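Results of the structural survey
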Amino acid sequence: MSDMVDNKKYKSKSRNALIGKILVYVILLIITIIMIIPFLWMLSASIKSDREVFMMNPFVWIPEVPKWDNYAKIWTKIPMLKFVENTVLLTIVVTFLQLLTSSFAAYSFAKLEFKHKNGLFLAYIATIAMPWQVYMVPQFIMMRSMGLNDKLMAMICLQAFSAFGVFLMKQFYEGIPSELCEAARIDGMSEYKIYAKIMLPLSKPALSTLTIFTFVSTWNDYLGPLIYLKTESKKTIQLGLKMFIGQYSSEYGLIMAGSVLSLIPVIIVFLCLQKYFVEGVASTGLKG
Amino acid sequence: MDEKKAAQIKKLETESAALMQKIREESDIKKKQKLIAEREKKQRKLTAIRNNRILSREAKRDLVAYSFIAPNFIGFAVFTLIPIVFAFVLAFMNWDGSNEITFVGFDNFMKLPSDTFFVAALKNTMIYVVGTVPLTMIASLALAIVLNQKIIARGLFRTVAFFPYVASLVAITAVWSMIFHPSKGPINYLLLTVFGVPQENLPKWFSGSLVLVTLILFSVWKYMGYYMVIYLAGLQGISAELYEAGSLDGANTWQKFKYITWPQLRSTTFFVVVMLTINCFKVYDIAVMLAGGSDGKLSTSATVLVYYIYQNAFNYWDLGYSSAIAMVLFLIVLAVTLVQFRYEKKLEA
Amino acid sequence: MKKKVLSVLLSATMLTGLLAGCGSDGGAQTSENTADNTQTQTDAAADTNTDAAAETKEDETQTDAAATDANAGDAAGEAVTLKWAIWDKDTTPYWNALKEAYEAANPNVTLEMVDLGSADYMTVLATELSGSGSDFDVVTIKDVPGYATLVSKNTLEPLDSYISAAGIDLSQYGGVDKQVTVDGSLYELPFRNDFWVVFYNKDIFDAAGVDYPTNDMTFEEYDALARQVADPTFGSQIYGTHYHTWRSAVQLFGVLDGQHSILDGEYDFFKPYYEMVLNQENDQICRNYADLSAEGLHYSAAFSSGDVAMMNMGSWYISTLISSLANGEYDSSLCGNWGLVKYPHADGVEAGSTLGTITGLAVTSVSANKDAAFAFVEWVSGAEGAKVMAETGNFPALMNDEVAGIIAGLEGFPTDEASKEALSVSNLYLEVPYAENVSQINDILDTYHKSIMNQEVTIDEGIASMNEEVGKVLGQ
């Protein structure tokens with residue numbers, strides 16, 4: 001008797017599980033479509049002529065005569081190369097400085113004892129909750145008085161020393177057992193050596209996570225460059241793209257080609273580092 | 001030199017002795033401990049001088065630590081901390097960036113309630129936050145739970161969900177304004193042909209009361225992948241044993257979620273909600289790019305706080321007033337964060 | 001220790017404020033005031049305040065030294081370099097033409113052009129000129145709100161004494177100078193003067209068998225013409241008119257009678273024109289504002305795609321049309337056969353009144369070579385500059401028959417008589433005349449223009465809001 005009930009239960013359970021699985025896949029599929037469609041549209045429109053872009057009846061993803069020259073034309077219509085150059089330079093320098101100085105400072109906060117440690121760290125934490133927009137105007141006035149207005153240097157100063165990076169790296173380092181450092185100290189290693197030889201090699205996931213965050217936010221930043229970079233030869237790809245959209249509003253194909261180009265570098269960086277990504281977020285205690 | 005050293009040693013010795021005396025006399029334990037610590041400090045200094053070390057061990061230790069912090073902290077202090085202090089001061093001033101700064105007390109703040117554009121910006125920002133925060137949270141949690149299961153092509157799905165976050169705003173808003181184009185876009189085309197919405201009733205996604213809805217939808221779409229990753233990390237921290245125990249007790253999926261997943265994710269949810277709130281209050285570029293049209297100007301139906309801060313600072317050069325608005329923004333964010341903190345504390349207790 | 005860190009931070013903050021505030025002539029005084037104010041604000045900083053004061057003194061001496069240098073460089077005849085702020089150097093032909101012509105006539109002067117880009121030009125310029133560190137001598141003034149900002153920030157030099165010394169007759173500018181006079185002083189001299197006309201596509205009128213627009217149309221006739229030529233058939237849509245998203249393109253029809261101005265604070269006179277345009281929109285005579293705004297359609301893209309019969313736009317579009325057709329950027333089968341006529345006018349008002357926008361040159365108050373700078377400004381805004389402007393297809397502020405003849409004679413300019421005649425203007429009203437708070441007024445009108453055109457509010461509600469909000473600004 002009881003056997004039969006169990007069996008029934010089991011059967012219905014496995015059927016439920018199957019329905020659940022199907023449901024999960026259906027939901028996933030819908031979400032994936034919603035997530036990916038704008039990108040497919042972008043790719044598709046980037047090889048269409050302006051008239052084809054909004055043609056709905058019939059709608060085709062790939063036009064009969066793909067206009068590949070949209071991708072060639074974009075480089076001559078606006079100084080795209082200059083914009084890419086500026087953005088690449090900016091992003092690389094900022095990411096590098098961010099990784100270096102944050103992990104450096106974070107090591108100290110996580111593994112060393114010193115005066116005013118809590119006070120200093122509190123200063124970092126407090127500013128995470130402070131939207132940048134609150135102090136962007138005074139910051140701009142200050143930068144201008146330092147002669148940094150309309151200089152890429154201003155953007156570097158602005159983005160390279162974020163509290164967020166220090167916080168993230170510190171959380172990660174705290175997860176590394178202190179005994180490792182203690183042992184090294186007994187062996188007579190200096191703190192700098194411990195940092196370079198022991199901590200840094202262990203922090204790949206955290207560094208990857210921070211790289212993705214910094215790279216993405218620097219590459220895609222708009223308001224910062226809008227305030228600081230004025231001359232055309234100093235503008236970043238985001239400003240350039242926006243300017244292009246303003247000037248050539250109805251050349252949809254070209255706009256989309258420019259957009260596709262602006263996505264490629266971030267997507268490459270993301271794909272290269274993503275295998276560390278969830279692990280990185282998990283180990284940096286970003287989850288709370 | 002030696003004389004000086006001798007004098008120093010002498011001085012420290014007498015002080016130390018005096019402290020010793022005090023310690024003996026002191027009855028209050030706390031005060032006593034304090035005095036003992038003080039004496040120890042003196043003693044250490046004494047040994048340092050006797051052993052011919054210029055720096056005490058503690059000072060040396062501090063210096064090493066500071067040398068680690070310095071590269072970041074100097075940049076951080078100069079480019080973040082100082083401007084923040086400056087922003088606080090500026091909110092009470094009247095300044096156009098060139099002429100004299102004058103102190104005006106709370107005048108800037110007094111003007112706010114009667115400023116139609118400020119009130120509209122505040123209202124829109126609030127609506128945006130209230131709409132975006134819960135929706136994004138729910139969507140990202142659901143996505144994380146689904147993508148935490150053992151399914152085919154999990155990595156691919158995760159990557160795709162994260163794509164919108166990585167994509168640049170300028171590019172992706174350009175796509176959105178094409179897809180949601182009021183008369184030519186595919187969304188409205190579907191509404192017209194498949195759902196039979198009459199042409200004159202087709203939604204104008206980027207103007208009027210709908211514009212905030214579009215902004216909210218866009219933000220959920222763009223940022224849910226980011227918060228999904230944070231939730232995923234949180235989910236991986238929940239031990240499998242808890243679920244096994246739950247299964248043994250005959251809990252169904254919903255019960256497992258309610259009694260295991262949700263409570264276990266509490267601190268993650270707290271973090272997500274706080275970060276979401278802070279980020280939502282900062283909304284600017286999304287609004288300008290989706291609702292700003294060709295000149296990037298926002299009408300009262302779409303204006304947001306940061307836009308008005310920018311406008312006052314860089315178009316009217318009313319830096320004091322713009323700082324005052326920024327302070328309001330900060331105080332709101334601070335208040336919301338503190339409320340969430342207290343709520344979290346209460347749950348913990 | 002904590003207190004000390006705080007006070008160091010505070011004093012550093014003040015110092016930055018001081019440094020930033022030292023740019024103008026009253027720099028030293030400004031700084032001291034700042035220090036005082038900050039002192040009352042922050043007790044914690046009291047002990048470091050003396051340091052800040054010392055810094056101020058140092059700064060003062062530096063300013064003095066700079067001033068002495070400036071005087072030394074003023075001697076005439078010596079080689080001078082003038083730094084000149086402009087926009088879009090590569091796509092705007094007249095900057096270089098002006099530079100070359102002036103340098104040829106004045107070999108001792110070198111002009112150094114700095115391109116600040118046309119998007120947000122005035123904002124960028126205001127940023128450049130405020131505070132310390134600016135070294136521009138001559139700046140181009142693109143619009144009046146930006147001009148008002150620069151004047152109120154004391155960054156421009158009043159030109160009155162120079163003008164009277166040079167004996168310039170301001171009446172040659174046809175009264176526009178009065179619309180940018182600030183408390184009796186003039187801070188810029190106009191060198192370029194654009195006015196609004198109606199561009200039309202002759203092919204569309206021919207195909208529809210409708211007569212071309214004329215130089216003497218009332219608004220009723222204009223509206224009727226637009227409706228006549230329009231074709232709302234889906235797929236082969238022809239728009240009778242096109243209004244760009246700027247508020248000037250719609251609401252400023254209202255100021256052409258000479259009785260009203262956007263500085264009035266009372267805007268009921270906009271109403272008939274909003275009604276006309278919105279009715280056209282509802283009847284699909286012109287493109288929908290919401291669409292235009294969503295896609296950010298540029299007016300040149302609208303006209304050159306060959307489905308717009310008439311478009312009101314500034315005369316700057318003439319040179320763009322001519323050159324874009326010549327270099328093949330525009331398809332001449334779509335918009336190659338174009339013409340222009342004068343703006344329509346209200347009943348009972350003489351034809352030929354239109355809106356204008358001036359571009360001027362100003363001398364900065366920090367310039368070390370003010371005399372040389374003014375000499376350049378005088379030349380550009382005078383007869384020689386006017387000729388250079390006209391030869392590049394642009395309208396100089398100093399408009400006369402000869403100049404109009406040069407432009408009408410350009411290759412690619414329509415050959416019909418009406419188009420030539422359309423270039424003569426009887427009354428010119430600036431899109432934005434000077435007022436102290438003109439930036440704010442401008443933005444308020446922009447905002448509610450948007451709301452009205454998006455049909456978020458009714459015309460009456462929108463105008464009521466304009467009246468109320470501008471009233472607040474004017475009442476301040």
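All values reported here derive from a predicted model rather than from experimental measurement. (Residues numbered from 1 in each chain as written. Chains lettered and ligands numbered in written order. Predicted model: local features only at pLDDT ≥ 70, side-chain atom pairs only at ≥ 80, totals over all residues. Heavy atoms only, no water.)

What follows is about the environment of Val139(C). Residue and element names in this part refer to chain C. With respect to the secondary-structure elements, Val139 resides in strand E3 (residues 138–141). Placed 53 residues apart in sequence, Val139 and Ile86 show a C-alpha to C-alpha distance of 7.0 Å. Apart from the residues lying within four places of it in its own chain, the contact partners of Val139 are Trp84, Ala85, Leu125, Leu129, Leu156, Gly360, Leu361, Ala362 and Thr364. (Helix = DSSP H or I, 4+ residues; strand = E, 2+ residues; numbered from the N terminus. Contact = heavy atoms within 4.5 Å.)

This part covers the nonpolar core. Formed by 359 residues in total, the largest nonpolar core has its most connected members in Tyr173(A), Tyr147(C), Phe199(C) and Tyr317(C). Take this core: its biggest share by element is 17 residues, from helix H9 (residues 210–236) of chain B. (Core = buried A, V, L, I, M, F, W, Y, C linked by side-chain atoms within 4.5 Å. Buried < 20%, exposed > 50% of the residue type's maximum accessible area, 1.4 Å probe, protein only.)

Attention shifts here to the pairing of strand E2 (residues 109–115) of chain C. All names here are of chain C. As defined by bridge partners, strand E1 (residues 80–86) adjoins E2 across seven bridges and the pair is classed as parallel. Its bridge partner being in E2, Leu82 is matched across the sheet by Leu111. Regarding the hand of the β-α-β motif, the stretch spanning E1, helix H4 (residues 94–105) and E2 is right-handed. (Pairing = 2+ DSSP bridges. Right-handed = clockwise from strand over helix to strand, strands pointing away.)

Across the contact, 18 residues belong to chain C and 19 residues belong to chain A. Between chain C and chain A lies a buried interface of about 1500 Å² when both sides are counted; carbon and sulfur atoms form 51% of it. On inspection of chain C and its partner chain A, the count reaches one salt bridge. A salt bridge links Lys77(A) to Glu329(C); the shortest N-O distance between them is 3.8 Å. Summed over the shared surface of chain C and chain A, the result is zero residue pairs in polar contact (both at pLDDT 80 or more). Among the elements that line the side of chain C that touches chain A, the one with the most residues is helix H5 (residues 121–129) of chain C, at three residues. (Buried area = accessible area lost by both parts, 1.4 Å probe. Salt bridge = Lys/Arg side-chain N within 4 Å of Asp/Glu carboxyl O. Polar contact = N/O pair within 3.5 Å; in protein donor to acceptor, adjacent residues only side chain to side chain.)

So, on to the confidence of the model for chain C. Residue and element names in this part refer to chain C. Looking at chain C as a whole, the pLDDT averages 81, with 83% of positions reaching at least 70. Across chain C, the secondary-structure element scoring lowest on mean pLDDT is helix H2 (residues 27–41), at 37, and the one scoring highest is E3, at 95. Within the model, the stretch residues 1–76 combines pLDDT values under 50 with 79 contacts to residues more than four positions away or in other chains. Reported for the predicted complex are a pTM of 0.82 and an ipTM of 0.84. (pLDDT = per-residue confidence, 0-100.)

So, on to the pattern of salt bridges. Inspection of the entire model under this criterion finds 26 salt bridges over all chains. Two residues, Asp150(A) and Lys234(A), come together in a salt bridge whose shortest N-O distance is 3.8 Å. Here Asp150(A) is found in the loop between helix H6 (132–145) and helix H7 (152–160), whereas its partner Lys234(A) is found in the loop between helix H12 (223–228) and helix H13 (237–247), with 84 residues between them in sequence. Under the relative-accessibility criterion, Asp150(A) is labelled buried at 7%. The partner of Glu275(C) in a salt bridge is Lys271(C), and the shortest N-O contact between them spans 3.9 Å. You can see Glu275(C) and its partner Lys271(C) sitting in helix H10 (residues 271–282), four residues apart, about one turn around the helix. Taking the relative accessible area as the measure of exposure, Glu275(C) reaches 37% and is therefore partly exposed. On the accessibility criterion, Lys271(C) (28% relative accessible area) is partly exposed. Through salt bridges that share partners, Lys297(B), Arg247(C), Asp443(C) and Asp446(C) make up one connected network.

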